[in-house]
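Take a look at the letters that make up each chain.
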Amino acid sequence: MTDAAQTTLPEAAPKARSQWLDVWAQFRTHKGAVFGLGFLIFITLFAAIGPWLWTVDPGKLDIRNKDVRPIYQILFDANAKVSWSHPMGTDNLGRDIMANIMQGGRISLAVGWTAMILAVFIGTLVGVLAGYFRKADGLLMRFTDLVLALPLLPLLLVMMLLFRDPLRATFGPEEGIFILIVVGIGITSWMQTARIVRGDVMALKEREFVLAARSIGTPSRRIITRHLLPNVLSPIMVSATLGLATAIITESALSFLGLGFPSDFPTWGKILFDSVDRMTAFPERVIWPGLAISLTVLAVNYIGDGLRDALDPKIRGL
Amino acid sequence: MLIYTFRRLLISIPTLLFIAFVIFMLLELAPGDPMSQMPLTIPPEVKERMREALGLGEPWYVRFPLWLNQFFIVEPQYWIDQTFGTNFADGKQRIISFQSRSPVFDTIAQRLPQTLWVVGMSYVVGVLIALPIGIISAYRQYSVFDQAGTFVSMIGFSVPPFFSGVLLIVIFSVQLGWLPSIYDTTLVVNSWDTFKQQLMQMVMPVMVLALQTTAQVSRYMRASMLDNLSQDYVRTARAKGMSESTVVLKHVLRNSMIPVVTVIALGIPSIFGGAIITEQIFKVNGLGQLLILALQGSDIPMVMTITFLLAVLIVLMNLIADVLYGILDPRIRYD
């Protein structure tokens, strides 16, 4: 996150210690956040590069090698069916679980990131417009309150069910569901960002530097992009981490309720959902994807915590 | 305050109407068809008559007011009739489920107790666990207990209910065999044994939902206590020689509860949303499961009614939270 932010602020670093180096130094003092960042990088690499190193096809059926237990099972039970060619075991159709977790991670993380970016984009747009233009404020914030009063999970389920088939027909089974889930999560989770950004923009636009910018004739568009957005970047980044966490959980919840991706298309939530029926005999099949989801979300939450501490100048230096 | 409450009630009417309209139009504009589950052998003209029988023949601007009329006028009339034995409703058309062909509200009334029992219990348990955690965490800030509390609430935020629930089943039902994994709703509590059985089957769903509540409420409680502990009046109270327990549990706690009470009120709707997933895991036949079944069967009246009831709950709880805030904290004035 910090790296991405560094690239967005090119003019910030002629001095030896730039603002973002400061933030990074502060971020590093938060142990949980550093662990979180480490785990997020690890799981991203695991999902992104993993399939090149572990070249087993996640969809390949291998009935002879079905129901292979994970490798550590040999410690408890000498007769357990294990094999080094399937370190995490296989499912009831002989598909390799490690390959599935990698593939599922790709999709879960991709959905999480895209939905989060969409939500943050909408939230920032609404927040900046409402905070900067007084005329738009009443209308936009009333709208935000209305959306907040909607029961979001049931509506998301309704959207999944009703728009699934047409989108699948237009964009193909995978892309259609991907678009649907990303848009669905995006348009139901921008409200908090919008409220935070609006509040900050309203406070910022009364400050002298904005007045100075306006008095030399800077147009509103430039004031927003040049003076306001960089200053509200920290709350946006913090709410982006929270958004990533909720997006991953929401996608898994939809898959878990059977309304997410189609069944031959693994995501973490989907693998978990498919394994629930056999969890008495094969608890590890539930635990692997569940751990992947929980640890990723935990990591992202800790990063958010660390970022909040690092970016808040009131806490900095304590 | 009374005027404020009244004004808020008035504002919530257009809000609710708008929400009803959004849900209705979403169901209306969606390309999904309630007849898509029917066999393909049914000839098109019969299908058309079936659609009309379901009340789908009219355009939306006719059906939406009809639905509003049914929801806000006819159904309460039936409810009053049932309670007081009057006859206001006079055989008017009720909201009928596509799937079961019985009135939607009768099915909801059958399912509501299970959900309320599990959800309500978990919320009470969650809040009761969260408050002491929050208080002790704030009083002993940065202690081992505080660190542990922060960690537990982080886990509560991060572990989704469909994993914590499944994990509990694997540990307590499969490995240890202590608790039943399926919630038996036909159980009638009439003796000590059945009471114990009821208690056993409620432990896991309640714990899964309570973890989420605890995570949230304990954080707010801690933050609010911390705000108050550094205030001048606390120093004054201590300087007067009051005992530490009086200072913390009377002065500070009462002031810190103000924002927490509103958070507790605001959290009630989201716990119902969480119940959708929890009910699916533990096979509780409550409202959440009803909603999922209705969704899968394209039962539009049922989906519409349940979703709208949840929206009513959200709007109502927002209102209650705001009014409570004003009542509890005399510094807040809304006029």
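Residues numbered from 1 in each chain as written. Chains lettered and ligands numbered in written order. Predicted model: local features only at pLDDT ≥ 70, side-chain atom pairs only at ≥ 80, totals over all residues.

Some thoughts on the interface of chain A and chain B
Right, on to step 1. Counting residues at the interface gives 31 residues for chain A and 37 residues for chain B.
Right, on to step 2. Listing elements by their share of the side of chain A that touches chain B, those giving two or more residues are helix 8 (152-171), helix 13 (233-256) and helix 15 (283-311) of chain A.
Right, on to step 3. The class makeup of the residues in the side of chain A that touches chain B is 26 nonpolar, five polar and no charged. (Contact = placed C-beta atoms within 7 Å. Helix = DSSP H or I, 4+ residues; strand = E, 2+ residues; numbered from the N terminus. Nonpolar A, V, L, I, M, F, W, Y, C, P; charged D, E, K, R; others polar.)

What to know about the confidence of the model for chain A
Residues and elements named next belong to chain A.
Right, on to step 1. On average, residues of chain A carry a pLDDT of 81, and 88% of them reach 70 or more.
Right, on to step 2. The spread of mean pLDDT over the elements of chain A runs between helix 1 (residues 2-8), the lowest at 48, and helix 11 (residues 208-215), the highest at 90.
Right, on to step 3. Segment residues 4-10 is flagged for pLDDT under 50; beyond a separation of four residues in sequence, or across chains, it makes six contacts in the model. (pLDDT = per-residue confidence, 0-100.)

A word on the environment of B:Val261
All names here are of chain B.
Right, on to step 1. Along the chain, valine 261 falls in helix 9 (residues 244-282).
Right, on to step 2. What makes valine 261 partly exposed here is the crowd of 17 C-beta atoms within 10 Å.
Right, on to step 3. Remark: the alpha-carbon pair of valine 261 and threonine 86, spanning 175 residues in sequence, is separated by 39 Å. (Buried ≥ 20, exposed ≤ 12 C-beta atoms within 10 Å, placed from the backbone.)

Some details on the environment of A:Val300
Residues and elements named next belong to chain A.
Right, on to step 1. Residue position: valine 300 is located in helix 15.
Right, on to step 2. C-beta crowding within 10 Å serves as the criterion here: with 27 such atoms nearby, valine 300 is assigned to the buried category.
Right, on to step 3. Residues valine 300 and isoleucine 181, spaced 119 residues apart in sequence, show a C-alpha to C-alpha distance of 20 Å.
Right, on to step 4. When sequence neighbours within four positions are dropped, the list of residues in contact with valine 300 reads Gly36, Leu40, Thr241, Leu244 and Ala245.

Observations regarding the nonpolar core
Right, on to step 1. One finds A:Leu257, A:Leu272, A:Ile303, B:Phe162, B:Leu291, B:Val303 and B:Ala311 to be the most contacted residues of the largest nonpolar core, which totals 143 residues.
Right, on to step 2. Considering every element that reaches this core, the biggest residue donor is helix 6 (residues 97-132) of chain A, with 14 residues.
Right, on to step 3. In contact with B:Phe162, not counting residues within four places along its chain, are A:Ala253, A:Phe256, A:Leu272, B:Ile277 and B:Ile281. (Core = buried A, V, L, I, M, F, W, Y, C linked by C-beta atoms within 7 Å.)

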